[in-house]
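Overview (structure and organization)
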Amino acid sequence: SRRVQQRDDDVISVGPYTLRRDVGTLTIEGEEIPLTPREFSMAWLFFSSPGKFLSRAQIASSVWGACEDVAGRSIEQHVYKLRRKLRLSGCTGANLKTVYALGYKLDLSASGATQDDEAPPAQADCEPDSPGTSEGPPRSRLAAEKVAEV
């Protein structure tokens with residue numbers, strides 16, 4: 001199964017994602033995704049704790065070594081960039097969710113991740129530069145609405 005999570009001290013593999021801490025790289029299906037050191041640190045934090053809620057204070061402390069007040073707006077910007085760069089909107093079986101006013105959670109049970117017989121999301125939704133966030137209607141319904149409008 002692609003959903004098997006493998007991990008040692010320097011490598012995390014989840015679905016199409018492989019993170020290598022020793023060299024600071026993240027790949028999706030073998031394609032290296034350029035990340036800043038802080039983006040990589042944040043990705044490592046989420047992928048090393050899938051399904052666990054991480055507060056803004058935990059993220060600030062782990063990634064910035066600072067309190068939440070120092071990193072506040074930066075956390076939001078980095079989450080936004082990670083969602084785009086890593087396609088964390090459910091297309092790859094991973095979804096970086098916002099827990100309103102509290103923090104974030106990497107959900108590995110996003111639509112299409114566990115059932116092979118479902119139609120995959122529209123390709124436009126899986127592009128790194130896809131607009132939108134994880135909030136609102138499910139992505140598959142949004143894609144259907146976009147198609148209906150055309």
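Residues numbered from 1 in each chain as written. Predicted model: local features only at pLDDT ≥ 70, side-chain atom pairs only at ≥ 80, totals over all residues. Heavy atoms only, no water.

**Topic: the side chain of Ser13**
Among the structural elements, Ser13 can be located in strand 2 (residues 11–14). A distance of 3.3 Å separates the side chain of Ser13 from the side chain of Thr18, its partner in a polar contact. (Helix = DSSP H or I, 4+ residues; strand = E, 2+ residues; numbered from the N terminus. Polar contact = N/O pair within 3.5 Å; in protein donor to acceptor, adjacent residues only side chain to side chain.)

**Considerations on the confidence of the model for the chain**
Per-residue confidence for the chain averages 73 on the pLDDT scale, and 65% of its residues sit at or above 70. Confidence drops under pLDDT 50 across residues 110–125; counting only partners more than four residues distant or on other chains, this segment forms 20 contacts. pLDDT under 50 marks residues 128–150. Its contacts with residues more than four places away, or in other chains, come to 24 contacts. (pLDDT = per-residue confidence, 0-100. Contact = heavy atoms within 4.5 Å.)

**Comments concerning the pairing of strand 7 (residues 95–99)**
Where strand 7 meets strand 8 (residues 103–107), 5 bridges bridge the pair, whose relative direction is antiparallel. In the strand pairing of strand 8, Lys97 is matched with Lys105. (Pairing = 2+ DSSP bridges.)

**Quick word on the packing of helix 1 (residues 37–47) against helix 2 (residues 56–64)**
Where helix 1 meets helix 2, the axes come as close as 9 Å, and the angle between the chain directions of the two elements is 130 degrees. If you check the angle between helix 1 and helix 2, you find them oblique. Classified by chirality, the crossing of helix 2 by helix 1 is right-handed. From helix 1, Arg38, Ser41, Met42, Leu45 and Phe46 reach across to helix 2, where they touch Ile59, Ser62, Val63 and Trp64. When grouped by side-chain class, the residues that make up the contact of helix 1 with helix 2 number 6 nonpolar, 2 polar and 1 charged. (Axes fitted to C-alpha atoms, helices over the stretch in contact; angles between N-to-C directions. Parallel < 35°, antiparallel > 145°, perpendicular 65-115°, else oblique. Left-handed = near helix turned anticlockwise from the far one by under 90°. Nonpolar A, V, L, I, M, F, W, Y, C, P; charged D, E, K, R; others polar.)

**Concerning unusual backbone geometry**
Phi is positive for Glu29, close to 50 degrees, though the residue is something other than glycine. Since its relative accessible area comes to 61%, Glu29 is described here as exposed. (Buried < 20%, exposed > 50% of the residue type's maximum accessible area, 1.4 Å probe, protein only.)

**Some words on the sheet that holds strand 7**
In spatial order, the strands read 6-8-7; together these 3 strands make up an open sheet with antiparallel pairing. The strands lining the two open edges of the sheet, one partner per strand, are strand 6 (54–55) and strand 7. Of the strands in this sheet, strand 6, strand 7 and strand 8 touch helix 1, which is tilted by about 65 degrees from strand 8.

**Here's the deal with the environment of Lys52**
Positionally, Lys52 belongs in the loop between helix 1 and strand 6. In this structure, the C-alpha to C-alpha distance between Lys52 and Asp107, residues 55 residues apart in sequence, is 8.3 Å. Look past the residues within four positions of Lys52 in its chain and what remains in contact with it is Tyr104 and Lys105.

**Brief notes about helix 1**
Structurally, the α-helix is built with 3.6 residues per turn, so residues lying three or four positions apart point the same way. Where burial is concerned, most of helix 1 is hidden: 8 out of the 11 residues are buried. For helix 1, the complete set of buried residues consists of Glu39, Phe40, Met42, Ala43, Trp44, Leu45, Phe46 and Phe47.

**Comments concerning the pattern of salt bridges**
Applying the stated rule across the entire model yields 6 salt bridges. With its nearest N and O atoms 3.6 Å apart, the salt bridge here joins Glu76 to Arg56. Taken as a pair, Glu76 in helix 3 (residues 68–85) and Arg56 in helix 2 lie far apart in primary sequence, 20 residues in all. Note that Lys97 and Asp107 form a salt bridge whose closest N and O atoms lie 2.9 Å from each other. Pair noted here: Lys97 is in strand 7 and Asp107 is in strand 8, with a separation of 10 residues, a long-range link. When its relative accessible area of 32% is taken as the criterion, Lys97 is described as partly exposed. Classification of Asp107 by relative accessible area gives buried; the value is 14%. (Salt bridge = Lys/Arg side-chain N within 4 Å of Asp/Glu carboxyl O.)

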